[in-house]
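Secondary and tertiary structure notes
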Amino acid sequence: MGRKENLMVGLDIGTTKICAIVGEIKDGGRIDIIGIGSHASRGLRKGVVVNIESTVESIKKAVEEAELMAGVDIKAVYAGIAGGHIKGFNSRGVIAVKDKEISKSDMDRVIDAARAVAIPLDREVLHILPQEFIIDNQDGIKEPLGMSGVRLEAEVHIVTGAVTSVQNIIKSCHRADLEVLDIVLEPLASGEAVLTQEEKDLGVAVVDVGGGTTDIAIFLDGSIRHTAVFAIGGNHLTNDIAVGLRTPSTEAEKIKKKYGCALTSLVMDNETIEVPSMGGRAPRVLSRQVLSEIIQPRAEEIFELVNREIRKTSYEEMIASGIVLTGGTAIMEGIPEVAEDVLDLPVRRGKPINIGGLVDIVNSPLYATGVGLVLYGAKGVGANGTIKFTDENLFGRVLGRMKEWVGELF
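Since the model is a prediction, treat every value here as computed from it, not as a measurement.

**Topic: the environment of Pro 352**
Topologically, Pro 352 is positioned in the loop between strand S18 (347–349) and strand S19 (356–357). Considering only alpha carbons, one finds Pro 352 and His 85, 267 residues apart in sequence, at a separation of 27 Å. Among residues more than four places away in sequence, those in contact with Pro 352 are Ala 193, Val 194, Val 362, Ser 364, Tyr 367, Ala 368 and Val 371.

Okay, structure coming up:
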């Protein structure tokens, strides 16, 4: 197998699955998906690595599968990160312009000024995302390079994560013989894959309901304005089914995928399901309505948390494009209807757009993050003010941060 230079690989390290997606950059910048590998995730809990060996095995198997399908060797990836430890906040930087004309160094200085905020030693900056620039009180400027002015301000969104969680993801990739080109916040990647530019400009929220976490990213005027991650997701639905129907968790997961419905009113009265019992007892036949009655309250709870988070921000009235749902749980019947009911906003399922190649295979909310990581890498988002890591300084920065933190403790 060869290694092509125009390849981008996204590695979605999720709680329930690890997915590797290979994209090839064609002439004109179009991305063709040429390989997909997916494997059950064994070493994560709520988006955080809890067993490195199991995580490494799952990564290797997903990457091998993608390599076989694409016919290439995978050596470097853009890795996704989520988990309840992720925190995002907005910041502002101000500088005086040196030569009355804004240069690249002025833009770098103002972003450095915006990131000069006190961050606890056990946290690491993952992204610095410019929202807009302000020149001499003229706001709404996206690209200030070459403009005249004496005072330059920048509004940025800073995303931080726990040093240990970041390091464990990098370490897992290293042990699987992969170089980490960048660590990317998963809802940010999902937004790359499923949103149109019009939605980002008008105002939209991406809600990625995964296995262990629910991630939110709010976009407005083409920029990201707010991010949040909750440690609740589809696995909680599985646990509820396992307890409510008294069936093993593996069977509960199968039942959820095959028969799950989040809205009781969509289920016919005469529909039944067969439920395996514990301890070798005979399977039971139950109404599908019972299953839906178990799922609906938990689905409502997830979207109540999302609603509360959106209301906490000042963007509640500005999400004119509504909500775009991604993640494996978004596939379930009735989920968009429950979200629409709780959030009182238009809701649609988000599937990857603006790609070629194996479109029919990745045409699902399940693959939104993986495809988004490929698109993120292809766009070179790092050049737009996001910290662009090389593998060495990424690991070095996180390790340095760890040493500082341990030094403070002892």
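**Notes on the sheet that holds strand S2 (residues 17–25)**
If you walk across this open sheet you meet the 6 strands as S11-S6-S1-S2-S3-S19, and the pairing is mixed. Of all the strands in the sheet, just strand S11 (179–185) and S19 have a single pairing partner and so form its edges. In this fold helix H1 (residues 52–70) packs onto strand S1 (7–13), S2 and strand S3 (31–40), with an angle of close to 145° to the strand it touches most, S3. Along the sheet face, helix H3 (residues 163–175) touches S1, strand S6 (76–81) and S11 and points at about 150° away from the line of S6.

**Brief notes about the sheet that holds strand S14 (residues 223–230)**
Spatial ordering of the open sheet is given by S14-S13-S12-S17-S18, a layout of 5 strands whose pairing is mixed. Bordering the open sheet on either side are S14 and S18, each of which pairs with just one other strand. Recorded for the sheet is a direction-independent mean angle of 20° between the axes of neighbouring strands. In terms of strand pairing, strand S12 (residues 204–209) meets strand S17 (residues 323–326) through 4 bridges, oriented parallel. The residue of S17 that forms the bridge with Val 206 is Val 324. Lying on the sheet, helix H4 (residues 186–194) is in contact with S12, strand S13 (214–220), S14, S17 and S18; it crosses S13 at an angle near 60°.

**Quick look at H1**
Taking 1.5 Å as the rise per residue, H1 with 19 residues should run 27 Å; its terminal C-alpha atoms sit 27 Å apart, in good agreement. Buried within H1 we find Ile 52, Thr 55, Val 56, Ser 58, Ile 59, Ala 62, Val 63, Ala 66, Glu 67 and Ala 70. Packing partners of the buried residues in H1 comprise S1, S2, S3, strand S4 (44–45), strand S5 (48–49) and H3. If you check the start of H1, you find a side-chain oxygen 3.1 Å away from the backbone N of Glu 53, and it comes from Asn 51. Positive backbone phi, at 70°, marks Gly 71, one or two positions downstream of H1.

**Thoughts on the confidence of the model for the protein chain**
Confidence along the protein chain averages 90 in pLDDT terms, with 91% of residues attaining 70 or more. Every residue in residues 381–392 is under pLDDT 50, and counting partners more than four places away or in other chains gives 30 contacts.

What counts as what
Residues numbered from 1 in each chain as written. Predicted model: local features only at pLDDT ≥ 70, side-chain atom pairs only at ≥ 80, totals over all residues. Heavy atoms only, no water. Helix = DSSP H or I, 4+ residues; strand = E, 2+ residues; numbered from the N terminus. Contact = heavy atoms within 4.5 Å. Pairing = 2+ DSSP bridges. Axes fitted to C-alpha atoms, helices over the stretch in contact; angles between N-to-C directions. Expected span 1.5 Å × (residues − 1). Buried < 20%, exposed > 50% of the residue type's maximum accessible area, 1.4 Å probe, protein only. Polar contact = N/O pair within 3.5 Å; in protein donor to acceptor, adjacent residues only side chain to side chain. pLDDT = per-residue confidence, 0-100.

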